[in-house]
Amino acid sequence: MSIRIRTTPLTVVALAGGLALAAVTPALAGTASTPSRPAAATSVQGDPRNVTQRVSDFYGAYIDAVWDTEDPASGAGAKALRDFYLSASARKKVTAWEKKNHADGILFAQNVPVKWKVAYTGSGMGHATSRVTLTWSDGKNPEVTRIDVQSDLTTRKITDLKPAE
């Protein structure tokens, strides 16, 4: 009988904890649609030798940095990314474009896209070209812009960026 007396309070506590968790779980499950939580089937991989992958890595990290304007490190992070991924001549060209147009010379815009996609479009004379597609809104007919990005095959640095025609 003493065993039954000891397990009954434990059973009650376990049941109460389980019921509390069951009550909280649906409320927590409602946050699953927030954009910061990836879909269950999301898979990402990369290869630092692939220049198109590097362009994708750059745009992903750069957009993350400029998106988080409340983070004090975002400006320094965006500059560091430019310094690492862009050649010196590409950085000069971007800076000149920004002074002339009063906008971001990586995104060719004043705001930040919600999505991006990068595709290889060709290579020749020691360079590869990638097409970056920036999506600026969600919904049925989102606005998109495209940027052609040229990378050096030896250094893998971005050497030129321009809005696609």
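This text goes with the structure placed above it.
Residues numbered from 1 in each chain as written. Predicted model: local features only at pLDDT ≥ 70, side-chain atom pairs only at ≥ 80, totals over all residues. Heavy atoms only, no water.

S.K.: Explanation requested: the nonpolar core in the structure shown.
M.R.: Residues Phe58, Tyr59, Leu86 and Leu161 are the most contacted members of the largest nonpolar core, which totals 25 residues. Considering each element in turn, this core owes the most residues, seven residues, to helix 2 (residues 51-67). (Core = buried A, V, L, I, M, F, W, Y, C linked by side-chain atoms within 4.5 Å. Buried < 20%, exposed > 50% of the residue type's maximum accessible area, 1.4 Å probe, protein only. Helix = DSSP H or I, 4+ residues; strand = E, 2+ residues; numbered from the N terminus.)

S.K.: Explanation requested: the packing of aromatic side chains in the structure shown.
M.R.: Note on aromatic pairs: each is described by the distance of the centres and the angle between the planes. The final tally for this structure, using the stated rule, is five aromatic pairs. Ring geometry for tryptophan 97 versus phenylalanine 108: centroids 4.9 Å apart, planes at 80°, classification edge-to-face. With tryptophan 97 in helix 4 (residues 88-101) and phenylalanine 108 in the loop between helix 4 and strand 1 (115-124), this pair connects stretches of sequence that are 11 residues apart. With a relative accessible area of 19%, phenylalanine 108 lands in the buried category. Members of the aromatic cluster, connected to one another through ring pairs, are Phe58, Tyr59, Tyr62, Phe84 and Tyr85. (Phe/Tyr/Trp six-rings, centres within 6.5 Å; stacked < 30°, edge-to-face > 60°.)

S.K.: Could you clarify how one ought to interpret a negative patch on the surface in this entry?
M.R.: On the surface, Asp64, Asp68, Glu70 and Asp71 cluster together to form a negatively charged patch. Looking at the secondary structure, you find aspartate 71 in the loop between helix 2 and helix 3 (74-85). (Patch = residues over 30% accessible without salt bridge, like charges linked within 9 Å, V, L, I, M, F, W, Y side chains within 5 Å. Areas by Shrake-Rupley, 256 points an atom, 1.4 Å probe, with all protein chains shown as cover. Salt bridge = Lys/Arg side-chain N within 4 Å of Asp/Glu carboxyl O. Lys, Arg positive; Asp, Glu negative; His and termini not counted. Charge placed at Lys NZ, Arg CZ, Asp CG, Glu CD.)

S.K.: Looking at this model, I keep getting lost on the environment of arginine 131. Mind explaining?
M.R.: Considering the arrangement of structural elements, one finds arginine 131 in strand 2 (residues 127-135). Put simply, arginine 131 and isoleucine 147 are 16 residues apart on the chain and 5.7 Å apart in space, counted from C-alpha to C-alpha. Discounting chain neighbours no more than four positions away, the residues touching arginine 131 are Lys117, Val118, Ala119, Thr121, Arg146, Ile147, Asp148 and Ala164. In this structure the side chain of arginine 131 is engaged in a polar contact, spanning 2.5 Å, whose partner is the side chain of aspartate 148. (Contact = heavy atoms within 4.5 Å. Polar contact = N/O pair within 3.5 Å; in protein donor to acceptor, adjacent residues only side chain to side chain.)

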